[in-house]
Every structure is written in structure tokens, then in C-alpha cells.
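Analysis of the macromolecular model
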Amino acid sequence: MLEEAGEVLENMLKASCLPLGFIVFLPAVLLLVAPPLPAADAAHEFTVYRMQQYDLQGQPYGTRNAVLNTEARTMAAEVLSRRCVLMRLLDFSYEQYQKALRQSAGAVVIILPRAMAAVPQDVVRQFMEIEPEMLAMETIVPVYFAVEDEALLSIYEQTQAASASQGSASAAEVLLRTATANGFQMVTSGVQSKAVSDWLIASVEGRLTGLGGEDLPTIVIVAHYDAFGVAPWLSLGADSNGSGVSVLLELARLFSRLYTYKRTHAAYNLLFFASGGGKFNYQGTKRWLEDNLDHTDSSLLQDNVAFVLCLDTVGRGSSLHLHVSKPPREGTLQHAFLRELETVAAHQFPEVRFSMVHKRINLAEDVLAWEHERFAIRRLPAFTLSHLESHRDGQRSSIMDVRSRVDSKTLTRNTRIIAEALTRVIYNLTEKGTPPDMPVFTEQMQIQQEQLDSVMDWLTNQPRAAQLVDKDSTFLSTLEHHLSRYLKDVKQHHVKADKRDPEFVFYDQLKQVMNAYRVKPAVFDLLLAVGIAAYLGMAYVAVQVSSAQAQVGQGPPAGRSWAGRLQVHRGPWLSLESHGLGLWPRPHPHSLLLCPQHFSLLYKTVQRLLVKAKTQ
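Just so we're clear, the structure is a prediction, and the values are computed from it rather than from any experiment. (Residues numbered from 1 in each chain as written. Predicted model: local features only at pLDDT ≥ 70, side-chain atom pairs only at ≥ 80, totals over all residues. Heavy atoms only, no water.)

1. Concerning the nonpolar core
Rules: As used here, the term nonpolar core means buried Ala, Val, Leu, Ile, Met, Phe, Trp, Tyr and Cys residues forming a set that is joined through side-chain atoms within 4.5 Å. Only protein chains enter the calculation, and the probe is 1.4 Å; a residue is then buried if its accessible area is under 20% of its type maximum, exposed if over 50%, and partly exposed in between. Secondary structure elements are defined from DSSP: runs of H or I of at least 4 residues count as helices, runs of E of at least 2 residues count as strands, and each element is numbered from the N terminus. Should any heavy atoms of two residues lie within 4.5 Å, those residues are considered in contact.
Grouped together as the largest cluster of nonpolar side chains are 68 residues, with contacts concentrated most on L251, Y259, L311 and L422. With 10 residues, helix α8 (residues 238-258) is the single largest residue contributor to this core. Sequence-distant contacts of L311, defined by excluding residues within four places in its chain, comprise I221, V222, A223, N241, G244, V247, L248, L251, L385 and I418. Core analysis: the second largest hydrophobic core is formed by 46 residues, M75, A100, A231 and F506 among them.

2. Regarding helix α9 (residues 283-293)
By the criterion of burial, α9 is predominantly enclosed, with 8 of the 11 residues buried. Of the positions making up α9, those classed as buried are Q283, G284, T285, K286, W288, L289, E290 and N292.

3. Regarding the pairing of strand β1 (residues 43-50)
Counted only if it meets this: Strand pairing is assigned whenever DSSP identifies at least 2 bridges connecting the two strands.
The pairing of β1 with strand β19 (residues 511-519) spans 7 bridges and is antiparallel. Bridge pairing in β19 links H44 to A516. Where β1 meets strand β8 (residues 143-147), 3 bridges bridge the pair, whose relative direction is antiparallel. Paired with V48 across the bridge in β8 is A146.

4. What about the sheet that holds strand β11 (residues 218-224)?
The cut-off we apply is this: For helices, the fitted axis covers only the stretch in contact; all axes are lines through C-alpha atoms, and the angles between them, taken along N-to-C directions, range from 0 to 180 degrees.
Read across the open sheet, the 8 strands follow the order β15-β14-β16-β13-β11-β12-β10-β17; overall the sheet is mixed. This sheet does not close on itself; its edge strands, each paired only once, are β15 (353-358) and β17 (488-496). On average, each strand axis in the sheet is tilted by 20 degrees relative to the strand beside it, whichever way the strands run. Relative to β15, strand β14 (residues 319-324) runs parallel, the two being bridged by 6 bridges. By the bridge assignment for β15, V324 is matched with H358. Across the sheet, α9 is in contact with β10 (200-208), β11, β12 (269-275) and β17; its angle to β17 comes to roughly 110 degrees. Across the sheet, helix α13 (residues 408-426) is in contact with β11, β12, β13 (305-311), β14 and β16 (382-386); its angle to β13 comes to roughly 180 degrees.

In C-alpha cells:
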């Protein structure tokens, strides 16, 4: 470009047409020497995470589309139809989300802060309440989430400015701003989502066999390991249910040490079960119960189950609630465990508020409230321990459930309460006269907060959505290894959906790469064409007027008239030709002439200007 600009100036100077040349070529030269737009600003590539898409009991949930190729807008724009609507989490509301869907938006991209732990608590609580509502309805609009960076934030701000300008009062101002603003075309690299066939949900079980006869009572300790949120790849599930898995592993460690010595080897079988598919109506637990109760003759679940303790969201708060489908009767072991929980909380941790929450099983609902209801349906005594009073709390299913939401001291305290109550039941310490304020786990046998923290860090270092954890995943092999250190007969249990009538169906394309290309609006092409036409017209008129004025000032040669027109001579110059009198062999020394090569170069220059303007 710079070489061509120099050639233009050199030819103009040689032709002695400096004034007219500057009029014709100066705008082109200025644009040619202008610095080009950096490639990094012309396009930006970033990772996006798609909203949930699954079928449960034949009912579709989440977004049903994954393809995106449309222009970006923000909520400030008046028209959102067939546009990709960008929203920031800090400004997000369910009403805006519904507005975008009602206007048939082409897609929705929600921009999340880089540090989720720094999000204000009121924003966290609001979004936790919105997530279930977003998933409760099926939508054909692709919904994506992206983590904020400098380039993405710049795209949002420029799109926000362009969208806000559309609300100006003056139509001319709107047209001008629309033509000069930078737009962005959002394009995903993936294809349309499709159902994943033969997906396996894996669970892990292990046991500690009691000391004594064959018909020993069995206590089952359960915690589902999978996480759930509006976007699978962002579902870390710290409190729900990383805290439950952490407590389960710590209990396995403590009781494995107690069962190592004959003096403390209790007459109870302990069965530990880390279930999969917990967020999808507890599919792993459902099939595990069917296999153990219906399809086998020898199982600890068939013999003598004392009770089933399910752990769910126990990593924060100042209260603990024991959720039951049927209040335990006095004289039973589950009633004794309830009393021991009350005793330990009251005497050793008076700051903890403990209560029992009774809720009947509602089989009319698509999803069970708590995991213990799976066992209660099969007439096994079971309950769920949680710091949440209601199963509808948004904390159980949110991408906001990150590591910072689990308090290490609270998790350690709740682990101690559970371990103390279990130990007092298993070893019948209350009947033996052990004071209620005397802790059992002290010194070398105390709860290890460092162990709990390391497990929590490991669990929240990766998304654990059921769609992402297959039977060969590193997470499952590590979990199996952890349990194998403390338990016997550790093995995986797999669940596959029925092909004819699947209870659950998962879909792919949950993580994609999105490109934001800088583009000009369509009206810019129109204005650019008008401007170029006007520019060429002015150049043509300037050449005609200048040449005519020069010839008039000099006068016609002898024997020749002024009746002539501008025409291209076969020689190197343009001049006036007299009708019927032949061509002048040379230009007048004072005439203002233009070489045909200049016109050719002008034409090529305009072509390059058009390409350059489209890319900026």
C-alpha cells in the first residue's frame, strides 16, 4: 500500500498536475497509509459452556439447540429477534431472560465473572433462585455461559454502546451511529447436539464387615457424588454434594481404624455407597437397590438393615436437619440415632440447631425430594442429614456452589457430630454410661480438618455433572482408590438407560469454542457505496472543469475549434479532441492533464479502500 501511494505522488508530480492530483488522490493516500486494524481486534476466540439439555422420564429439560451464527446485541437494544443477546451476570435478571426468549432471540450468552467467589452474595442468592426456573422450561434458543476476560468484556461494552445508540430520538443520528459502530458476529464451532447413546452412570460401593455371626445388622452410609447446575461444565457442587462425599470418606477412614482392632471391632456391618446420578432422580441408587433386592440372593441390603444415613449439603450453616419420610418409632435403631444426634449437638456443640423434618413422599412429582426416599420406597428405614431445611433450596443445584461456599470449620464440626452419634449408637455408649459431653474421637482418632480440606479441593477442582463422569473417568478411579484404602470389596456399579423407554437421556455439545468476528452492519455497505460513487463523480467533474478552463485560458490553435470532448488518446496523455480535425500530438504546456495510468491506479485504489473499510 505504501509503495502504491508513493507511485501515485511521483506520477502526479511528473505530470505537473499537483493541485488536481491532491484533490483526487489525497483521501485515498491518507486511508492507505492509515494503520490497519490489528488481527487480534478483528476476531476473538473463547470457550463457552452450554446450558443443560437432558430428558428425564420422557420430559425434556433445558435448551434444545447448540448452533449459533448471529450478530451480537445487549438488552439495551430495542429489537432482539434473531440476535445473540449478551448479558452480564451482575446485571442479569429472570425478567430480561424471559424478554429475550419472548422476542425470539437467536441465542443468549451470559458472561460470568472470572472470580466467582468475589460475586456479591445478593447476586449469588438471586441467581440460585433463577437457575431452577431456567431449567424448568424447555427452550429452542441456545443458551451459553462464558467466563469473562478483557477481550470479551470489550466486546460486550462495544455492543452495549451500539445497542444503546438505537434508542436515540433522531433517525439520522441512529443511522449514522449504526453505520459507524462496530458489530460482532457470534459463531460457534460445534454442530447440532444429539443424544448420547449407551451412557453409563457409575457408582462405587465398599464395606466393613462386622464382628460376630452372619445375621448382623447393617448400617448404610450414602452420598451422591455428582453435581448439578444450569451448565454441566460449570457444576462443581462444593456443598452439594462434595461436602457429603468428604464426610463419607472421613467416616470410612475413622471406622476402618476402629474395625482394625478386635477390641473395637463392632457387631455391625457398615456399607458405604457413593452414588451416581443423584441429581437425576437418584438413578444410581435406584438401580443399585433393584440389583441388590430383586436380582440377587445374597446382599447386605436383604438381610438386616438397621438404617440408611444419606449425607447431602453438610458444609455450611449453623443448623442440621434430619429429613425423614416417616418418623422413627421408639425402640428402633433409627430412633436411637436420632436421639444421639440431638444429644451430641446439645452437649458438645450447643451453637448448632438440630431438628427433624418430616415430609411424605410425593410420587406424583417427577423428581424425588431427597435420596433417602429411594430407600423408603423399598421399605428400608432411611433419612437424610442436611443443613438445608427444604429440598427446594437453590443451593442444591447451582453453578454458584463453588469451593468458597464450604466452610472448613463447619464441615469439620458436622463431621464430628455425625461420627460421634454413629459411634454412640454402634457401641451403645449411652447405655454404658458414657457422659453425653465426652467426645469419642480425640487425639490420634480425631477428625482431620486437613484431610477434609484436601478432599474438598480435589472434588471442586473438576466439574462432576453426571453427563461428564463416565466409568473410565479419572475422578471415578481416584474415588475408588480412596475407598479401597479403607474398605473391603470396593467395586463400581453401572447404570445404563433402557433403550426402549429410557428414564434419562443425555446430549453432547456441552462445551464449545465461540468466535466473535468484528463486522460492519449492512447499512454501512450502502453508505460506503454512495460515498465512493460521490467521490468518483467529484473526481471526474474536477478533471473536466480543470481541463476546460486551461484550454479556454490558452485559446484554440489556429484553424481548430473548441468543439471537443475529453477522450483517451492512444498516446500517454488525455486531451481535448476537435471533432473531425484529428488529434493534438502533444498537450499544451499549461494545460492540466491526467495520465490514463493514473485512472487505472485510482480504480485499483478504490477497490482496496472498499476491502480495507469492510475489515475495519
